[in-house]
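Spelled out from the first residue to the last, the chains are:
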Amino acid sequence: MFEVSEITEKTKSESLTMESIPISKQSEATAGKIKLDGPASASQPETPITPERAIIQSRDFSFFYGSKMGVEKINMDIEIGSVTAIIGPSGCGKSTFLRSINRMNDLIPQTRAEGVLSVGGQDIYDKSTNLVNLRQQVGMVFQRPNPFAKSIYDNITYGPKLQGIRSKAKLDEIVERCLKAGAIWDEVKDDLQKSALALSGGQQQRLCIARTLATMPKVILMDEPCSALDPLATARIEDLIAELKGTYTIVIVTHNMQQAARVSDRTAFFCLGKLVEYGMTDKLFTNPREQATEDYITGRFG
Ligand SMILES: Nc1ncnc2c1ncn2[C@@H]1O[C@H](COP(=O)(O)OP(=O)(O)O)[C@@H](O)[C@H]1O
Ligand SMILES: [Mg+2]
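Since the structure is predicted, the reported quantities are computational estimates derived from the model, not experimental observations.

Q: I tried to follow the sheet that holds strand β1 (residues 54-65) on my own but got confused; where do I start?
A: Think of a sheet as strands paired side by side through backbone hydrogen bonds, with each pair either parallel or antiparallel. Spatial ordering of the open sheet is given by β2-β1-β4-β5, a layout of four strands whose pairing is antiparallel. Bordering the open sheet on either side are β2 (68-79) and β5 (122-123), each of which pairs with just one other strand. Here eight bridges tie β1 to strand β4 (residues 111-119), and the two strands are oriented antiparallel to one another. Across the sheet, the residue bridging to Q57 is S118, located in β4.

Q: How should helix α6 (residues 201-213) be read in this particular structure?
A: Along an α-helix, residues three or four apart share an orientation, since each turn contains 3.6 residues. With 13 residues, α6 extends 19 Å from end C-alpha to end C-alpha; this agrees with the ideal 18 Å at 1.5 Å per step. Among all positions in α6, only G202, Q203, Q204, Q205, R206, L207, C208, I209, A210, R211, T212 and L213 are buried. Where α6 is buried, its residues contact β6 (138-141), α3 (152-162), α4 (168-181), α5 (185-188), β7 (219-223) and α7 (231-244).

Q: Looking at this model, I keep getting lost on the site of ligand 1. Mind explaining?
A: Every residue near ligand 1 is listed here: Y65, K68, G70, P89, S90, G91, C92, G93, K94, S95, T96 and I108. The backbone of C92 places a nitrogen or oxygen atom 3.2 Å from an oxygen atom of ligand 1. For ligand 1, the accessible surface in isolation is 550 Å², of which the surrounding protein chains cover 67%. Sorting the residues of the shell around ligand 1 by element identifies β2 and α1 (94-100) as the ones contributing at least two each. With three residues, the top contributor of residues to the shell around ligand 1 is α1. Here the shell around ligand 1 is built from residues that sort into four nonpolar, six polar and two charged.

Q: In this structure, what is going on with the packing of aromatic side chains? I would like to understand it.
A: Each aromatic ring pair is described using two quantities: the centre-to-centre distance and the angle formed by the ring planes. One pass over the full model with this rule turns up six aromatic pairs. The interplanar angle of 70° and the centroid separation of 5.4 Å between the aromatic rings of F63 and Y65 together place this pair among those described as edge-to-face. Among the aromatic residues, ring-to-ring pairing joins F61, F97, Y125 and F270 into one connected group. The positively charged end of R112 is found above the aromatic ring belonging to F64, 4.4 Å away from the centroid. R211 extends its terminal NZ or CZ atom over the ring of F148, reaching a point 4.2 Å from the ring centre.

Q: I tried to follow the pattern of salt bridges on my own but got confused; where do I start?
A: Any two side chains of opposite charge can pair, given that their charged atoms come close. Within this structure, the stated rule accounts for 16 salt bridges. Of the charged contacts, one joins R236 and E187 as a salt bridge, the two residues approaching to 3.3 Å between their closest N and O atoms. Of this pair, R236 sits in helix α7 while E187 sits in helix α5, and the two are 49 residues apart along the sequence. Look at R236 and you get partly exposed, because its relative accessible area is 37%. The salt bridge partner of R289 is E290, with a shortest N-O separation of 3.8 Å. By relative accessible area, which is 27% here, R289 ends up partly exposed. Classification of E290 as partly exposed rests on a relative accessible area of 32%. Through salt bridges that share partners, R53, E79 and R266 make up one connected network.

Q: Before we go on, may I ask you to explain the pairing of strand β8 (residues 249-253) in this structure?
A: Each regular strand carries side chains that alternate between the two faces of the sheet. β8 sits mainly inside the fold: five of its five residues count as buried. Alternating residues of β8 divide into T249, V251 and V253 and I250 and I252, and every residue in both groups is buried. In the sheet, strand β3 (residues 83-87) pairs with β8 via four bridges, with the strands oriented parallel. Counted as the bridge partner of V83 is I250 from β8. Tracing the backbone out of β7, into α7 and back to the parallel element β8 gives a crossover that is right-handed.

Rules and cut-offs
- Residues numbered from 1 in each chain as written.
- Chains lettered and ligands numbered in written order.
- Predicted model: local features only at pLDDT ≥ 70, side-chain atom pairs only at ≥ 80, totals over all residues.
- Heavy atoms only, no water.
- Pairing = 2+ DSSP bridges.
- Helix = DSSP H or I, 4+ residues; strand = E, 2+ residues; numbered from the N terminus.
- Expected span 1.5 Å × (residues − 1).
- Buried < 20%, exposed > 50% of the residue type's maximum accessible area, 1.4 Å probe, protein only.
- Contact = heavy atoms within 4.5 Å.
- Near = heavy atom within 4 Å.
- Polar contact = N/O pair within 3.5 Å; in protein donor to acceptor, adjacent residues only side chain to side chain.
- Areas by Shrake-Rupley, 256 points an atom, 1.4 Å probe, with all protein chains shown as cover.
- Nonpolar A, V, L, I, M, F, W, Y, C, P; charged D, E, K, R; others polar.
- Phe/Tyr/Trp six-rings, centres within 6.5 Å; stacked < 30°, edge-to-face > 60°.
- Lys NZ or Arg CZ within 6 Å of the ring centre and 35° of its normal.
- Salt bridge = Lys/Arg side-chain N within 4 Å of Asp/Glu carboxyl O.
- Right-handed = clockwise from strand over helix to strand, strands pointing away.

Here it is in structure tokens:
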């Protein structure tokens with residue numbers, strides 16, 4: 001198992017204005033104008049992830065909905081404390097892979113997994129896996145903010161209460177810590193009994209992230225967490241991702257390539273259920289190895 005203390009403190013990303021984003025990452029992608037620094041080369045060294053730092057390991061992992069393939073033979077290690085972005089055209093298996101990491105897909109009948117997917121060295125598709133524990137360790141944030149129709153306070157204490165925490169002082173402490181870590185404390189601290197549904201979309205999404213933190217996860221999965229938010233609320237979530245990185249391992253699916261470039265250390269490009277290319281984000285966006293990656297990031301398809 002991994003200790004938070006093992007994680008080296010990473011440089012926090014600077015403020016997320018377009019000016020601060022290197023030109024090669026700016027919004028030219030959608031206009032099909034990203035300039036590539038040089039010829040794509042398969043021999044570029046990747047920054048390797050040592051087995052001890054691979055909190056998630058996927059080995060020939062495939063997932064099927066009935067006879068339909070969702071993802072096929074995914075081989076990918078994810079580094080502890082890092083932010084990993086998954087990009088690719090619609091229907092390419094991004095959500096399938098993400099939801100496989102806390103077995104959310106199991107809720108769909110007639111599904112089947114093959115290969116190995118492990119978290120913290122444990123094969124999560126093994127029969128012995130306790131799904132409640134797994135989902136406490138691997139939290140999830142969805143596309144649309146989905147707070148419970150309860151108070152802000154009760155949203156945060158829901159998970160800890162299920163874990164058996166009853167002390168009011170302890171619950172108060174968790175609420176304050178998680179709302180602070182979720183970068184929403186200052187906005188809500190005077191009215192914790194207010195309904196979570198009365199918050200703005202961006203506040204709701206930060207509350208949902210704070211709620212995820214309350215069960216002390218190791219990994220946070222985010223499936224297009226900003227797609228229902230305006231640019232300002234999006235920037236706040238991106239800032240928050242930068243804050244959480246290091247303490248937590250974050251895997252984020254995004255259809256927004258600028259967002260992937262801004263927030264992630266590594267990027268995985270999926271296409272038609274397969275992992276086409278996976279590497280350091282800077283390299284993948286400026287000098288991809290595969291033609292399909294280049295075509296996608298330059299807006300030629302997808
Ligand atoms: N609940 C489901 N039942 C059947 N097929 C599904 C289901 N969810 C996803 N799929 C299929 O799996 C493939 C990958 O989908 P998905 O992971 O949602 O892609 P993405 O998130 O990249 O848009 C697609 O072909 C999709 O139609
Ligand atoms: Mg999806």
